[in-house]
Amino acid sequence: MNIQSLDPRITRLGIDAEEKNPDQTLQREEHWETYQVFHQKKRGEKHSSVGVVHAPNAEMALLFAKEQYARRGETVNLWIVNTRDVLAMNYDDYDVFSTTPEKMYRDPAGYKVNDKIAAYKKAQLDV
Amino acid sequence: MYGGGYIHDDQKKKPEMQAEDPVLLAEFEARIARGEKIEPRDWMPADYRRQLIRMIEQHAHSEIIGALPEGTWITRAPGFRRKLALMAKVQDEVGHAQLLYSAAETLGKSREDMINDLINGKSKYSNVFNYPAKTWADVAVIGFLIDAAAIVNQVANSKGSYGPYCRALERICYEESFHLKQGHSVFVYLATGTPTQRAMVQDALNRWWQPIMHFFGPSDKMSQHTETLMRWKVKMASNDDMRQQFLSMYVPKIWEIGLTLPDPNLKKNPETNQWEFTEPDWNEFYEVIKGNGPCNAERLAVRRASEERGAWVRAALKRADQHYVTPLA
């Protein structure tokens, strides 16, 4: 007895309501590889990481990325990168950056001379 | 936008909370307390990982199964614009499932394993999708009220502690706002239409009210376990609080167009500021979870058949040198 659904599309599939195949399992990698998706909204803006797709190859990853991340709103371009090609740091290693905010000599705010100029001007007036 | 507040966790099969390294646990909890997010390769307690996988996976399954009751009316939507909107919404839901599966994958469970657990009945999804969409008005009630209830839950969860889930939810909530609007539009058009249309939407409302009251799950007592999940920002609000918030936001929108709800005791107590209602039938709720709802068998049979019939396509596209890597975020 096939499933008689309220949805005519499902009725047309002719699925046997009794049939149960307990052995049916998806195998590892049956859903292929993963790709990271980068989305550019407008010309001139940067591409931003937006998420992931599963795909059998790069061309199809791009197609799936269009369906998944560019369904609405503005898009001018997409990139995809195979996840295995991304070399990422480990969060445990973040301490290599811990002194970076202290490097004020790399920052415009690290250079303050107004006090010196004001003192110089004042000294000139006093002469 | 389908994730219910209720996450089924079989108490009998639940492992004991594992003892964790106290130093790492303290660092982890301090990070969450500071409002920082946890990212995929961070250290995390085993129970945090287990609960998140369960929650995100059930949410993903709900999105994908939810597309079935709503898709029921695509072929017979009244007019081209309604049909376009419904197709767009259903496509969004399937897209949401993929975003959520990816977020769960970052925790170490493969998409194949999640789908296996769904089609073999091991993992659950939101109970509401085990009820039939009998008329076009059901599409209105699902799109308006089920999506609204899900938004209440998802907005709360998007402020949780796990980075990939929060990022997926932000995108999902943005798209859900369109679903809610289009559902409300269909709902209002029917309610303000001919007497037949109005009767149709009232009938759908009457049938869906109990599943909607079930949506957030039974009242959750503040157990030690719930307290831990809330401290870890896995669970962001109690089932009761979310249900109260939903009632406050949406019951007035139903009453304002003169429709009624099938609960004579439903009212907001002005003294406590809390909604009072007749407890829905929780036995039915647990029966549906066990697989005995009106549509459980059909939903899973359809899902199983589509995996089975798509297997040759997936196999044909597979490359010999492919190599799965857990997505980064």
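See the structure above.
Conventions and cut-offs
Residues numbered from 1 in each chain as written. Chains lettered and ligands numbered in written order. Predicted model: local features only at pLDDT ≥ 70, side-chain atom pairs only at ≥ 80, totals over all residues. Heavy atoms only, no water. Salt bridge = Lys/Arg side-chain N within 4 Å of Asp/Glu carboxyl O. Helix = DSSP H or I, 4+ residues; strand = E, 2+ residues; numbered from the N terminus. Buried < 20%, exposed > 50% of the residue type's maximum accessible area, 1.4 Å probe, protein only. Disulfide = S-S within 2.5 Å. Lys, Arg positive; Asp, Glu negative; His and termini not counted. Contact = heavy atoms within 4.5 Å. Pairing = 2+ DSSP bridges. Buried area = accessible area lost by both parts, 1.4 Å probe. Polar contact = N/O pair within 3.5 Å; in protein donor to acceptor, adjacent residues only side chain to side chain. Patch = residues over 30% accessible without salt bridge, like charges linked within 9 Å, V, L, I, M, F, W, Y side chains within 5 Å. Areas by Shrake-Rupley, 256 points an atom, 1.4 Å probe, with all protein chains shown as cover. Axes fitted to C-alpha atoms, helices over the stretch in contact; angles between N-to-C directions.

1. Observations regarding the pattern of salt bridges
A complete count under the given rule lists 31 salt bridges over all chains for this structure. As a salt-bridge pair, B:Asp113 and A:Arg28 come within 2.8 Å of each other at their nearest N and O atoms. One end of the pair, B:Asp113, is in helix α4 (residues 111–119); the other, A:Arg28, is in the loop between α1 (8–12) and β1 (33–40), on a second chain. Among the salt bridges present, the one from B:Lys235 reaches B:Asp220, with a minimum N-O distance of 3.6 Å. Of this pair, B:Lys235 sits in the loop between α8 (224–231) and α9 (239–255) while B:Asp220 is found in the loop between α7 (195–214) and α8, placing the two residues 15 residues apart along the sequence. Of the residues examined, B:Asp220 reaches a relative accessible area of 17% and is grouped as buried. Bridged by salt links that share partners, the residues A:Glu30, B:Arg303, B:Glu307 and B:Arg314 form one connected network.

2. Things to note about the state of the cysteines
Scanning the entire structure with this criterion turns up zero disulfides over all chains. Unpaired in terms of disulfides, B:Cys166 finds its nearest cysteine sulfur in B:Cys173, a separation of 10 Å.

3. Some remarks on the side chain of B:Asp42
Note on placement: B:Asp42 falls in the loop between α1 (22–33) and α2 (46–71). Within the buried set, B:Asp42 has no salt-bridge partner at all; the shortest N-O distance to an opposite charge, 4.8 Å, is to B:Arg31. With residues near it in sequence (within four places) discarded, B:Asp42 still touches A:Tyr91, B:Lys37 and B:Arg49.

4. Thoughts on the pairing of β1(A)
Residue and element names in this part refer to chain A. Of all eight residues making up β1, seven are buried, and the element is well covered by its neighbours. Relative to strand β2 (residues 48–55), β1 runs antiparallel, the two being bridged by seven bridges. Opposite tyrosine 35, over in β2, you have valine 53 as the bridge partner. The sheet contact formed by β1 and strand β3 (residues 77–82) spans six bridges and is antiparallel. Each bridged residue has a counterpart across the sheet, and for glutamine 40 the counterpart in β3 is asparagine 77.

5. Some thoughts on the interface of chain A and chain B
How big an interface is tends to be stated in terms of accessible area lost as the parts join. The interface is formed by 44 residues belonging to chain A together with 54 residues belonging to chain B. Approximately 4700 Å² of surface area, both sides summed, lies buried where chain A meets chain B, with 50% of it carried by carbon and sulfur atoms. A salt bridge links B:Asp92 to A:Arg71, with the shortest nitrogen-to-oxygen separation between them at 2.7 Å. The tally of links between chain A and chain B comes to 29 residue pairs in polar contact (both at pLDDT 80 or more).

6. Structural notes on a nonpolar patch on the surface
Residues and elements named next belong to chain A. On the surface, a cluster of nonpolar side chains totalling about 440 Å² of accessible area is made up of Met89, Tyr94, Val96 and Phe97. For methionine 89, the location among the structural elements is in the loop between β3 and α3 (114–126). Residue classification places methionine 89 among the partly exposed positions, given a relative accessible area of 44%.

7. Looking at the sheet that holds β3(A)
Residue and element names in this part refer to chain A. Spatially, β2-β1-β3 is the arrangement adopted by the three strands of the open sheet, whose pairing is antiparallel. The two strands at the open ends of the sheet, each matched to only one other strand, are β2 and β3. Pairwise comparison of adjacent strand axes, ignoring direction, gives a mean angle of 30° for this sheet. Sheet strands touched by helix α2 (residues 58–69): β1, β2 and β3. Its angle to β2, the strand with the most contacts, is close to 120°.

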